[in-house]
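Tertiary structure, described
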Amino acid sequence: MAIEVRIPTILRTYTGGERAVESSGDTVAELVESLESAHPGIKERMVEDGAVRRFVNVYVNDEDIRFTGGLETELSDGDTVVILPAVAGGSAVRGAARRPA
Amino acid sequence: MLIIDRAIHDAIIDHARRDHPDEACGVVAGPAGSDRPERHVPMLNAAMSPTFYEFDSGDLLRLYREMDDNDEDPVVVYHSHTATEAYPSRTDVDLASEPGAHYVLVSTRDGAHESGPVDFRSYRIVDGEVSEEEVRVVDGYADVPSSPHESSPHESSTDQRATS
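Residues numbered from 1 in each chain as written. Chains lettered and ligands numbered in written order. Predicted model: local features only at pLDDT ≥ 70, side-chain atom pairs only at ≥ 80, totals over all residues.

1. Quick word on the overall build of chain A
Going by this rule: A run of H or I in DSSP becomes a helix once it reaches four residues, and a run of E becomes a strand once it reaches two; helices and strands are each numbered from the N terminus. A radius of gyration in this sense is built from C-alpha atoms; the matching globule rule multiplies 2.2 Å by the number of residues raised to 0.38.
Across its full length, chain A holds three helices and eight strands. Helices and strands appear in chain A in the N-to-C order β-β-α-α-β-β-β-β-β-β-α. Its C-alpha atoms give chain A a radius of gyration of 14 Å, near enough to 13 Å, the size a compact globule of 101 residues would have. Referenced to the eigenvectors of the C-alpha coordinate spread, the extents of chain A come out at roughly 45 × 30 × 20 Å.

Pasting the structure below:
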């Protein structure tokens, strides 16, 4: 089952410069594992402590997976997954800036 | 060096002043590979905080899709600091994820949100390394070399702050 995954600039070092790759999985978690097999190192940039990193956004067909079940979000053939690092920052130290979702 | 049109430069400062004391944020997109900031896109600071900014995740997706469709890069990524200097914080450096972008910081501290000069500085942030760069404000890009694109809406081409 083919899923198109759009890769942000900062992660293209793992995909040989490719802006989009094809991968597979029944859930986002499985997709991340498939990506990791093909592009070692990419998982660590996306996932931390069993969840998507706080400052990485993953969308399945335009829905942020934070609102659809996180890594357990289900995938179907032909879905499009977009990975985008958050555009964020600010004068606060990061710990202080974190807030409950 | 960041070369930026005066109208966009001023619009970024206006945005920072308007949102003070919260941090303001946005991008200036430009034709892919041109390094020319042409399309100012002020973004909502979803954190609505005086010490933190973050694009809303839905807005972020729409913005990147739009840039993809237009074949644009985020040439400038900007935000304001409202009580500290216009220099990237540790958080800014940790979260910087566009190695090709000019990271612009403006500071509205010390009453600059109401009057007086606003610090407007630009940096490259790559792999955790910050390097400040010169900012050149121009009245239109017509005379600026190095881009195949000809789309400056600004007519006045004199009064440039620096040449050569």
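2. Notes on the UniProt feature "domain: MPN" (unreviewed entry) in chain B
Basically, it comes down to this: UniProt positions are given in the numbering used here, feature names are shortened, and annotations may be inferred rather than shown by experiment.
The positions that UniProt labels "domain: MPN" (unreviewed entry) are, in the present scheme, residues 1-129 of chain B. With 26% helix and 33% strand, the stretch residues 1-129 of chain B has end C-alpha atoms that lie 16 Å from each other.

3. As for the nonpolar core
Formally: Note on terminology: a nonpolar core is a set of buried residues of type Ala, Val, Leu, Ile, Met, Phe, Trp, Tyr or Cys, with members joined through C-beta atoms within 7 Å. With C-beta atoms placed from the backbone, the exposure class of a residue follows from how many other C-beta atoms lie within 10 Å of its own: 20 or more, buried; 12 or fewer, exposed; in between, partly exposed. Here contacts are defined at the residue level, using C-beta atoms placed from the backbone and a cut-off of 7 Å between them.
Within the largest apolar cluster, 57 residues are counted, with the highest numbers of intra-cluster contacts made by Val81 and Ile83 of chain A together with Val76, Tyr103, Val104 and Val106 of chain B. Filtering out sequence-adjacent residues up to four positions away, valine 106 of chain B remains in contact with Ile12, Ile13, Ala16, Tyr78, Ser80, Ala86, Val118, Asp119 and Phe120 of chain B. If you look at the next biggest cluster of nonpolar residues, it comprises five residues, including Leu2, Ile3, Ile4 and Val138 of chain B.

4. Quick notes on helix H2 (residues 57-70) of chain B
All names here are of chain B. Selection rule: A helix is expected to span 1.5 Å for every residue after the first. Arc definition: directions from the helix axis to the C-beta atoms.
Look at H2: 20 Å from first C-alpha to last across 14 residues, which is about the 20 Å you get at 1.5 Å a residue. Within the sequence span of H2, burial applies to Ser57, Leu60, Leu63 and Tyr64. Considered in projection along H2, the buried side chains sweep an arc of 120° and stay on one side of the axis. One or two steps after H2, the chain reaches aspartate 71, where phi turns positive at roughly 55°.

5. Remarks on the interface of chain A and chain B
Cut-off, in case you're wondering: When residues are sorted by character, Ala, Val, Leu, Ile, Met, Phe, Trp, Tyr, Cys and Pro go into the nonpolar class, Asp, Glu, Lys and Arg into the charged class, and all the rest, Gly among them, into the polar class. Note on pairing: two strands pair once DSSP finds at least 2 bridges between them.
Taken together, the contacts link 20 residues of chain A with 27 residues of chain B. For the side of chain A that touches chain B, the secondary structure elements donating two or more residues are strand S5 (56-60), strand S7 (80-85), strand S8 (88-89) and helix H3 (94-97) of chain A. Among the residues forming the side of chain A that touches chain B, the class breakdown is twelve nonpolar, five polar and three charged. As paired elements, S8 of chain A and strand S4 (residues 53-54) of chain B share two bridges and run antiparallel to each other. When the sheet's bridge partners are listed, glycine 89 of chain A is paired in S4 of chain B with tyrosine 53 of chain B.

6. So, the environment of valine 58 of chain A
Residue and element names in this part refer to chain A. By secondary structure assignment, the location of valine 58 is in strand S5. The class of valine 58 is buried, set by 25 C-beta atoms lying within 10 Å. The residues touching valine 58, leaving out its near neighbours within four places in the chain, are Val28, Val52, Ile65, Val81 and Ile83.

7. A few points about unusual backbone geometry
Residue proline 21 of chain B follows histidine 20 of chain B across a cis peptide bond; omega there is 10°. Considering the arrangement of structural elements, one finds proline 21 of chain B in the loop between helix H1 (6-19) and strand S2 (25-31). Phi angles above zero are rare outside glycine, and asparagine 61 of chain A is one such case at about 45°. Judged by C-beta crowding, with 12 C-beta atoms within 10 Å, asparagine 61 of chain A ranks as exposed.

8. Re H1 of chain B
All names here are of chain B. The end-to-end C-alpha distance of H1 is 20 Å, a good match for the 20 Å that 14 residues give at a rise of 1.5 Å each. Taken as a whole, H1 has its buried residues at His9, Ile12, Ile13, His15, Ala16 and Asp19. Projected down its long axis, H1 carries its buried residues within an arc of 155°, all on one side.

9. Overview of the sheet that holds S7 of chain A
This is how the line gets drawn: The axes used here are C-alpha line fits, helices contributing only the stretch in contact, and every angle between their N-to-C directions lies in the interval 0 to 180 degrees.
What the five strands build is an open sheet, ordered S2-S1-S7-S5-S6 (chain A); its pairing is mixed. On the outer flanks of this sheet lie strand S2 (20-23) and strand S6 (63-64) of chain A, each paired with one strand and no other. Sheet analysis places S5 of chain A next to S6 of chain A, joined by two bridges and oriented antiparallel. The residue bridging valine 60 of chain A from the neighbouring strand is glutamate 63 of chain A, located in S6 of chain A. Relative to S2 of chain A, helix H1 (residues 28-38) of chain A is tilted by about 110°, and along the sheet it contacts strand S1 (3-6), S2, S5 and S7 of chain A. Sitting on the sheet, H2 of chain B is in contact with S5, S6 and S7 of chain A, with an inclination near 105° to S7 of chain A.

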